[in-house]
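These are the residues of each chain, in order.
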Amino acid sequence: MASFSNLTIGIAVASFTVFQLLFHVLSSWVSTRITPGFNNLSQKRKIEWNSRTVSTFHALVVGGFCLYILFYDDAVNADRLWGDPSIVKLNIAITTGYLISDLLLIIYYWKAIGDKFFVIHHLAALYAYYFVLSKGLLAYFGNFRLLAEFSTPFVNQRWFFEVLGYPKSSKANIINGVLMTVVFFVVRIAVMPVYYSHVISSFGTEAFQRLGFAAQSAWIISSVVLDVMNVMWMVKIAKGCYKVICLVGQEEAKTHRNGKSD
């Protein structure tokens, strides 16, 4: 029978509470002092602003833990299916608290931030993380998925620039857009061969058989669902980046022609 340690539950509850506090109180308080334009936003956009601020904070926290584990947690890296999940559980408990918090906010503020793909994403992740937190298995793969969070701050920053009225051809927007595209590709798409090569190499092993059908199916299905969405988002981001680059090229050509005519 699955069980959660008191520490895991405590961290998840604390994480949930912190992210709710960030959304309802701290994000608005900090934003009004850093960005005057925040006060001019509609209520709907303020809700999404706070949601994305919380999302960025979560990404930076768990992303840092994720890299530490990948580089220094020898137990998990040596045994990808059954390695000691102690540190990974800490990271995933933080993410679980965030996902539950964000899922409830999405439902409650559906008209402002409702998105069926995010609901699917959150539920698929929670289903997979259940096995890491309750049974202590697949810790390496659960942590590996958190690499994707490194693209989140750039995606959110793009939206912040947009609602604050930054031109798409502005230097800040262009730099962020290029970084967003590159980082998104690296941490969500380029890592797929590495991830799935590890998955495939485990097939048929004794350790894989010990997982049981429920954990095996949760692992594979959630991975595929999340990566299908990642590919869809990558295509959308790449198209947006291409349009901005073309826009910049057209403006430079126009400036060059005007310079000649002068």
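Note: the structure precedes this text.
Since we're looking at a predicted model, the values are computed, not measured.

1. Regarding the overall build of the chain
Okay, so step 1: A tally of regular secondary structure across the chain gives twelve helices and zero strands.
Okay, so step 2: Going residue by residue from the N terminus, the α and β elements of the chain occur as α-α-α-α-α-α-α-α-α-α-α-α.
Okay, so step 3: Structurally, the chain occupies a C-alpha span of about 75 × 40 × 30 Å along its principal axes.
Okay, so step 4: Surface summary for the chain: the accessible area is close to 14100 Å², and the carbon and sulfur share equals 67%.

2. What to know about a nonpolar patch on the surface
Okay, so step 1: On the surface, a cluster of nonpolar side chains totalling about 540 Å² of accessible area is made up of Leu67, Tyr68, Phe71, Tyr72 and Ile87.
Okay, so step 2: Looking at the secondary structure, you find Ile87 in helix H4 (residues 86-108).
Okay, so step 3: Ile87 gets classed as partly exposed once you look at its relative accessible area, which sits at 30%.

3. Comments concerning the packing of H4 against helix H6 (residues 116-135)
When two helices pack together, their arrangement is given by the angle between the helix axes and by the axis-to-axis distance.
Okay, so step 1: The interhelical angle for the contact between H4 and H6, taken along N-to-C directions, is 150°, at an axis separation of 10 Å. By the criterion of interaxial angle, the relationship of H4 to H6 is roughly antiparallel. Our pair here, H4 against H6, has a crossing hand that is left-handed. Taken together, the residues of H6 that come into contact with H4 (itself represented by Val88, Lys89, Ile92, Ala93, Thr95, Thr96, Leu99, Ile100, Asp102, Leu103 and Ile106) are Phe118, Val119, His122, Leu123, Ala125, Leu126, Tyr129, Val132 and Leu133.
Okay, so step 2: Partitioned by chemical class, the residues of the contact of H4 with H6 number 15 nonpolar, three polar and two charged.

4. Some remarks on the nonpolar core
Okay, so step 1: Of all hydrophobic cores here, the largest spans 47 residues; its most connected members are Leu81, Phe141, Leu211 and Trp219.
Okay, so step 2: With near-sequence residues (within four places) excluded, Phe141 lies in contact with Arg80, Leu81, Tyr195, His198, Val199 and Trp219.

5. Looking at unusual backbone geometry
Okay, so step 1: Positive phi outside glycine occurs at Leu138, with the angle close to 60°.
Okay, so step 2: In this structure, Leu138 sits in the loop between H6 and helix H7 (139-145).
Okay, so step 3: Among the residues examined, Leu138 registers a relative accessible area of 5% and is labelled buried.

6. Looking at the packing of helix H2 (residues 43-72) against helix H8 (residues 152-163)
Okay, so step 1: Where H2 meets H8, the axes come as close as 9 Å, and the angle between the chain directions of the two elements is 155°. The angle between the axes of H2 and H8 places the two elements in the roughly antiparallel class. In the crossing of H2 with H8, the sense of the turn from one axis to the other is left-handed. On H8, the residues that touch Arg45, Glu48, Trp49, Arg52, Thr53, Ser55, Thr56, Ala59 and Leu60 of H2 are Thr152, Pro153, Val155, Asn156, Trp159, Phe160 and Val163.
Okay, so step 2: Classifying every residue of the contact of H2 with H8 gives eight nonpolar, five polar and three charged.

7. Let's talk about H6
For an α-helix the count is 3.6 residues per turn, leaving residues at separations of three or four pointing the same way.
Okay, so step 1: Helix length check: H6, at 20 residues, gives a terminal C-alpha distance of 29 Å against a target of 28 Å (1.5 Å per residue), a fit within 8%.
Okay, so step 2: Within H6, the axis deviates most sharply at Tyr129, by approximately 25°.
Okay, so step 3: Gly136, located one to two residues past H6, shows a positive phi value of around 70°.

8. Let's talk about helix H10 (residues 192-202)
Okay, so step 1: For H10, the complete set of buried residues consists of Met192, Tyr195, His198, Val199 and Ser202. Summarising the axial view, the buried residues of H10 lie within an arc of 140°, below the 170-degree limit, and thus occupy one face. Exposed residues lying more than 90 degrees from the buried face of H10 are Pro193 and Ile200.
Okay, so step 2: Immediately downstream of H10, the backbone of Gly204 shows phi near 85°, a positive value.

9. Digging into the environment of Arg188
Okay, so step 1: Tracing the backbone shows Arg188 in helix H9 (residues 171-190).
Okay, so step 2: With relative accessibility at 9%, the residue Arg188 sits in the buried group.
Okay, so step 3: Expressed as a C-alpha distance, the spacing of Arg188 and Tyr68, which sit 120 residues apart in the sequence, is 18 Å.
Okay, so step 4: Leave out the neighbours within four places in its chain, and Arg188 touches Ala148, Ser151, Thr152, Asp227, Asn230 and Trp233.
Okay, so step 5: At 2.8 Å, the side chain of Arg188 and the side chain of Ser151 are in polar contact.

Conventions and cut-offs
Residues numbered from 1 in each chain as written. Predicted model: local features only at pLDDT ≥ 70, side-chain atom pairs only at ≥ 80, totals over all residues. Heavy atoms only, no water. Helix = DSSP H or I, 4+ residues; strand = E, 2+ residues; numbered from the N terminus. Areas by Shrake-Rupley, 256 points an atom, 1.4 Å probe, with all protein chains shown as cover. Patch = residues over 30% accessible without salt bridge, like charges linked within 9 Å, V, L, I, M, F, W, Y side chains within 5 Å. Salt bridge = Lys/Arg side-chain N within 4 Å of Asp/Glu carboxyl O. Buried < 20%, exposed > 50% of the residue type's maximum accessible area, 1.4 Å probe, protein only. Axes fitted to C-alpha atoms, helices over the stretch in contact; angles between N-to-C directions. Parallel < 35°, antiparallel > 145°, perpendicular 65-115°, else oblique. Left-handed = near helix turned anticlockwise from the far one by under 90°. Contact = heavy atoms within 4.5 Å. Nonpolar A, V, L, I, M, F, W, Y, C, P; charged D, E, K, R; others polar. Core = buried A, V, L, I, M, F, W, Y, C linked by side-chain atoms within 4.5 Å. Expected span 1.5 Å × (residues − 1). Bend = angle between axes of the 7 residues up to and from the residue. Arc of directions from axis to C-beta. Polar contact = N/O pair within 3.5 Å; in protein donor to acceptor, adjacent residues only side chain to side chain.

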